[in-house]
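Single-letter residue listing:
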Amino acid sequence: MKQPVIYFDHYMLRDIETKDAKDMFEYGSDMDVVKFLSWGPYMDVTEAYGSIKQFFLSRPQRGLPVGYAIIDLDLDKMIGTVDFHTIVSEGVVEAGYCLNKNYWNKGVMTKALRKLIEVGFYYHGYHKIIIGHANTNIASQRVIEKNGFIFEKEDPDKYYNRFTGYKEMSKWYYLTKENFK
Ligand SMILES: CC(C)(COP(=O)(O)OP(=O)(O)OC[C@H]1O[C@@H](n2cnc3c(N)ncnc32)[C@H](O)[C@@H]1OP(=O)(O)O)[C@@H](O)C(=O)NCCC(=O)NCCS
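Scoring rules and cut-offs
- Residues numbered from 1 in each chain as written.
- Predicted model: local features only at pLDDT ≥ 70, side-chain atom pairs only at ≥ 80, totals over all residues.
- Helix = DSSP H or I, 4+ residues; strand = E, 2+ residues; numbered from the N terminus.
- Rg over C-alpha atoms; globule rule 2.2 N^0.38 Å.
- Buried ≥ 20, exposed ≤ 12 C-beta atoms within 10 Å, placed from the backbone.
- Contact = placed C-beta atoms within 7 Å.
- Near = placed C-beta within 6 Å.
- Nonpolar A, V, L, I, M, F, W, Y, C, P; charged D, E, K, R; others polar.
- Pairing = 2+ DSSP bridges.
- Right-handed = clockwise from strand over helix to strand, strands pointing away.

Draft legend 1. Broad picture of the overall build of the chain. When helices and strands are counted, the chain shows 5 helices and 8 strands. Listing each helix as α and each strand as β along the chain from the N terminus yields β-β-α-α-α-β-β-β-α-β-α-β-β. What you see for the chain is a C-alpha radius of gyration of 15 Å, in line with the 16 Å of a compact globule of 181 residues. The dimensions of the chain, computed from C-alpha atoms along their principal axes, are 40 × 40 × 35 Å. By residue count, 30% of the 181 residues in the chain fall in the buried class. If you take every contact in the chain between residues at least 6 apart in sequence, the share linking residues at least 24 apart comes to 58%.

Set out below in structure tokens:
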């Protein structure tokens, strides 16, 4: 389940490692980053370390790659993740991502997701990738749209906002190898 190292602009994608805990804590303790996510905010760096071990490094046991860390090559700094976190069915996986706020709105995740899709279809041999976002997460919606995902449905039940305690509407998309250009 090892993945190729990928380069784009001044960034690199490589498998997440425990040494990323300090940088992951930086963005994982930021409420703006985690407010749509199922984890965080981290209170200390050991929580980030625990997450890496529990959620990322254990993925091969579930038949998944550990996930990519996004590295700023100029600073040698880990600034986010882009990964396949769930096997939906044979050859069908769900993707997700998050990024340090200092790097938002520069096109980083749009490019990182594109690289992940290429690795998913042409290296891992998946045939379909699904992805979703809370309706209010417009930045995530744009990243998905800019990568050519096809809108499938709105779902009132799939996204639970653990901070408000309510379910919220979310949008779901897919991309097949045939659709991907
Ligand atoms: C979602 C996220 C990964 C986007 O990363 P990013 O590198 O900033 O994304 P990009 O720069 O490639 O694209 C962002 C797009 O959203 C747009 N955008 C951002 N905030 C917006 C807003 N409030 N309203 C409208 N558009 C917005 C940007 O203008 C850009 O679109 P454009 O290229 O058409 O102008 C980042 O915001 C993040 O980490 N969020 C927290 C974690 C998260 O929500 N993960 C996804 C869970 S589904």
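Draft legend 2. A look at the site of the ligand. Neighbouring the ligand are 20 residues, the closest being Leu-99, Met-109, Thr-110, Ala-139 and Arg-142. Here the shell around the ligand takes 5 residues from helix 5 (residues 138-146), the largest share from any one element. For the shell around the ligand, the residue count by class is 12 nonpolar, 6 polar and 2 charged.

Draft legend 3. Region of interest: the pairing of strand 6 (residues 128-134). With 3 bridges joining them, strand 5 (residues 92-99) and strand 6 adopt parallel strand pairing. Across the sheet, residue Glu-94 finds its bridge partner in strand 6, namely Ile-130. This β-α-β element, strand 5 to helix 4 (residues 108-122) to strand 6, shows right-handed connectivity.

Draft legend 4. Geometry of unusual backbone geometry. Across the junction of Gly-40 and Pro-41, the peptide omega takes the value 0°, indicating a cis bond. Of note, Pro-41 is situated in the loop between helix 2 (31-34) and helix 3 (45-56). Phi angles above zero are rare outside glycine, and Asp-76 is one such case at about 50°. Mapped onto the elements, Asp-76 comes out in the loop between strand 3 (68-72) and strand 4 (77-89). Overall, the presence of 9 C-beta atoms within 10 Å leaves Asp-76 in the exposed class. Backbone geometry places Asn-105, a non-glycine residue, at a positive phi of 60°. Within the secondary structure, Asn-105 is located in the loop between strand 5 and helix 4. Judged by local crowding, Asn-105 falls into the exposed class, with 10 C-beta atoms found within 10 Å.

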